[in-house]
Every structure is written in structure tokens, then in C-alpha cells.
Amino acid sequence: MPATATAPRAPAQGAGPRRESEGWLGLYREGRFVERRRRVHGGRLERLGVFELPRGARVLDLCSGTGEALDTLHEAAFQRLHGADLHPELSRACAARHRVVAADAAALPYREASFDAVVCLHALHHLGPDAHLEGVLDEVARVLVPGGLLHLVDHPDAPAVHIAFALLSSPLALATSLTRRWRRQLALERVELAWWFSRGARLPGLLAERGFATVARRRDPFFFYLTACRSGRPPR
Ligand SMILES: C[S@@+](CC[C@H](N)C(=O)[O-])C[C@H]1O[C@@H](n2cnc3c(N)ncnc32)[C@H](O)[C@@H]1O
């Protein structure tokens, strides 16, 4: 079945998304951060094993932002790419290059079993509170085919991450234009990151409840890379 967009679905009661602040959106669109995303996404997707998928696979980039991961996949000859992001202004930034929709990840405008793979890079920590994250995972299970793959990257609740963030947030940190931007970003994501560090350990259990089995898990000091396979059970 093609990944045909349908009317947006309503999120479950009390499970609405958190919207980003204007400050965060402005920083996210800054040229230097856009360039950095272009440079790092290839490595992230490689570590997740996404380049091993057939080029005809239907791939959804969930929380696609301004589309740098979609660019990377397009350059690697993937042909059936889609993106979804809550913020229309971010989707518009890449609408000329990719098929993207402005949609809440917990209320996706796609039919059941529309995708062979869903990638979600650096966005889990934006998907709180708990009820909303659960709604997002329900939607991912619904839009993936049985046997489809979910590829996730985010920060682990790990000492290296906390030390790096504390150093960057410190007034003693070396003040380069890049560290100033990182400091602003960390300040703007303080609530999201605090939620994620306190609740992210639930992720494997939440995936298992939805019939996902972990097929690969890697860590480096600052990120985890998780690939999970949706079981053959019918969508919830
Ligand atoms: C840190 S950015 C990562 C963007 C992109 N995945 C990347 O790595 O370049 C987090 C993204 O999640 C999006 N987002 C946050 N909440 C969302 C939701 N409920 N549904 C869809 N997108 C959401 C934001 O608009 C933003 O583009």
C-alpha cells in the first residue's frame, strides 16, 4: 500500500505535543547548526544500519526538522522518502526537496502499514510528556508494516552526557561562537532533557509492550543507537 497521506488523526486525550519555543526554532534554523546536521547525519544513519535497507524501502523520517537526514538518504539513492514534523515552518523549509507533512508524531496522517522503516533522530527527548511518547510509539507501530524497522538515536542518561552538558552550561566554558550556541540550545531544552533523562529508561519496555523486539543497540559516550523490529502482530 502506498504511504498515502490521510486526514490528520486526533491525538489521544491529554497526550498533546509540547511545541518548541520561538527561541528554539530560531536557533534550530541557524545556518551553522543546519550545516552541522548535514555533516553528522550520515554517520548516525550508518551506525543505525539504515543504509543496509533496500533503496526502494518506504522510509519515514519522524520529526524531520529542516530535512537534513532526508537529504542524506536521498543522496544515498533512497527513492521513497517521507518526512513529518510538528512545526510547519520547519517542514516548509524542506518541502521543495522532499515529501513532508506538518503533523504531530502522535497523530500521523498515514494509513496503517505505510512504511518499511521509521527513523527518528535526536527527537525522542522532544516527545514528552509520557502519555504523548506512548501515543507516538502507538502511531509508529500503526504506520510500520509487520517486520518494519524503527531506528532511534538520542542521548543516554549517562555520566559523559551530564558532564559535557554541565561543562557547556558553565560560565567557565570556553566562549566560542559554537559553545555559545550549544549553551543557548541546552538552556532552551532544559525541561525536555530533564524529562527524557528521568523517563527515557522506560523506552525498551514501551517498545516491547507494542510488540517491538530490539535487533541492534549501540552506544557511544553521547548517543545510543537503537533499532527495533515491529512484530507481525496486528497494529494496536
Ligand atoms: C532536535 S530536532 C531533530 C530534527 C531532526 N530529526 C534532525 O535530527 O535534524 C527535534 C525535532 O522534533 C520535532 N518535533 C517535536 N515534537 C514533535 C511532535 N510531537 N511531532 C512531530 N515532530 C516533533 C521538532 O519540530 C524538531 O524538528
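Residues numbered from 1 in each chain as written. Predicted model: local features only at pLDDT ≥ 70, side-chain atom pairs only at ≥ 80, totals over all residues. Heavy atoms only, no water.

Chemist: Let's hear about the overall build of the protein chain: which residues, and what values?
Modeler: Within the protein chain one finds nine helices and seven strands. Here the protein chain has a C-alpha radius of gyration of 17 Å; the compact-globule value for 236 residues is 18 Å, and the two agree. Principal-axis analysis of the C-alpha atoms gives the protein chain an extent of 55 × 35 × 35 Å. Long-range pairs, those at least 24 residues apart, make up 74% of the contacts in the protein chain with a sequence separation of at least 6. Counting only carbon and sulfur atoms, one obtains 57% of the accessible surface of the protein chain, whose full area is about 10800 Å². Distance between charge centroids for the protein chain: 2 Å, based on 33 positive and 25 negative side chains. (Helix = DSSP H or I, 4+ residues; strand = E, 2+ residues; numbered from the N terminus. Rg over C-alpha atoms; globule rule 2.2 N^0.38 Å. Contact = heavy atoms within 4.5 Å. Areas by Shrake-Rupley, 256 points an atom, 1.4 Å probe, with all protein chains shown as cover. Lys, Arg positive; Asp, Glu negative; His and termini not counted. Charge placed at Lys NZ, Arg CZ, Asp CG, Glu CD.)

Chemist: Please give an account of the side chain of Glu 68 that cites residues and values.
Modeler: You can see Glu 68 is positioned in helix H3 (residues 68-75). Among the polar contacts listed, one links the side chain of Glu 68 to the side chain of Arg 37, at a separation of 3.0 Å. The contacts of Glu 68, once residues within four sequence positions are left out, are Tyr 28, Val 34, Arg 37, Arg 38, His 41 and Arg 97. (Polar contact = N/O pair within 3.5 Å; in protein donor to acceptor, adjacent residues only side chain to side chain.)

Chemist: Which residues make up the sheet that holds strand E3 (residues 100-102), and what are the values?
Modeler: Spatial ordering of the open sheet is given by E3-E2-E1-E4-E5-E7-E6, a layout of seven strands whose pairing is mixed. Edge positions in the open sheet fall to E3 and strand E6 (212-219), since each of these has one partner strand only. Averaged over all pairs of adjacent strands, the angle between their axes in this sheet comes to 15 degrees, without regard to strand direction. In this sheet, E3 lies alongside strand E2 (residues 80-85) in parallel orientation, the contact comprising three bridges. Its bridge partner being in E3, Ala 84 is matched across the sheet by Val 101. In the packing of H3 onto the sheet, the strands contacted are strand E1 (58-62), E2, E3 and strand E4 (115-121), and the crossing angle to E2 comes to about 175 degrees. (Pairing = 2+ DSSP bridges. Axes fitted to C-alpha atoms, helices over the stretch in contact; angles between N-to-C directions.)

Chemist: An account of the site of the ligand is requested, with residue identities and associated values reported.
Modeler: Surveying the vicinity of the ligand reveals 21 residues, the closest of which are Cys 63, Asp 85, Asp 104, Ala 105 and Leu 121. Between Ala 105 and the ligand, the recorded distance is 2.8 Å, taken from a backbone N or O atom to a nitrogen atom. Considered on its own, the ligand offers 590 Å² of accessible surface; in the complex 98% of this is hidden by protein. Those elements giving two or more residues to the shell around the ligand turn out to be helix H1 (22-28) and helix H2 (31-48). Per-class residue counts for the shell around the ligand are 11 nonpolar, six polar and four charged. (Near = heavy atom within 4 Å. Nonpolar A, V, L, I, M, F, W, Y, C, P; charged D, E, K, R; others polar.)

Chemist: Kindly report on the packing of aromatic side chains, identifying the contributing residues and their values.
Modeler: Tallied over the full model, the rule gives six aromatic pairs. Each ring, one from Phe 165 and one from Phe 197, has its centre 6.3 Å from the other, and the planes form 50 degrees; the classification is tilted. With Phe 165 in helix H6 (residues 159-169) and Phe 197 in helix H8 (residues 190-199), this residue pair connects regions lying 32 residues apart in the sequence. Residue Phe 165 shares its accessibility class with Phe 197, and that shared class is buried. Following the ring pairs from residue to residue traces out a cluster consisting of Trp 195, Trp 196 and Phe 224. Cation over ring: Arg 44 sits above Phe 223, and NZ or CZ is 4.0 Å from the ring centre. Across the ring face of Phe 224, the terminal group of Arg 217 is positioned such that the distance to the ring centre comes to 5.3 Å. (Phe/Tyr/Trp six-rings, centres within 6.5 Å; stacked < 30°, edge-to-face > 60°. Buried < 20%, exposed > 50% of the residue type's maximum accessible area, 1.4 Å probe, protein only. Lys NZ or Arg CZ within 6 Å of the ring centre and 35° of its normal.)

Chemist: Got a sec to walk through the packing of H6 against helix H7 (residues 177-188)? Specific residues and values, please.
Modeler: H7 packs onto H6 with a crossing angle of 110 degrees between their chain directions and a minimal axis gap of 9 Å. Between H6 and H7, the crossing angle belongs to the class labelled roughly perpendicular. Here H6 runs over H7; the crossing is left-handed. Only Thr 179, Trp 182, Arg 183 and Leu 186 of H7 make contact with H6, whose side of the interface consists of Phe 165, Leu 168 and Ser 169. In the contact of H6 with H7, the residues fall into four nonpolar, two polar and one charged. (Parallel < 35°, antiparallel > 145°, perpendicular 65-115°, else oblique. Left-handed = near helix turned anticlockwise from the far one by under 90°.)

Keep in mind that these numbers describe shape and distance, not what the molecule does.
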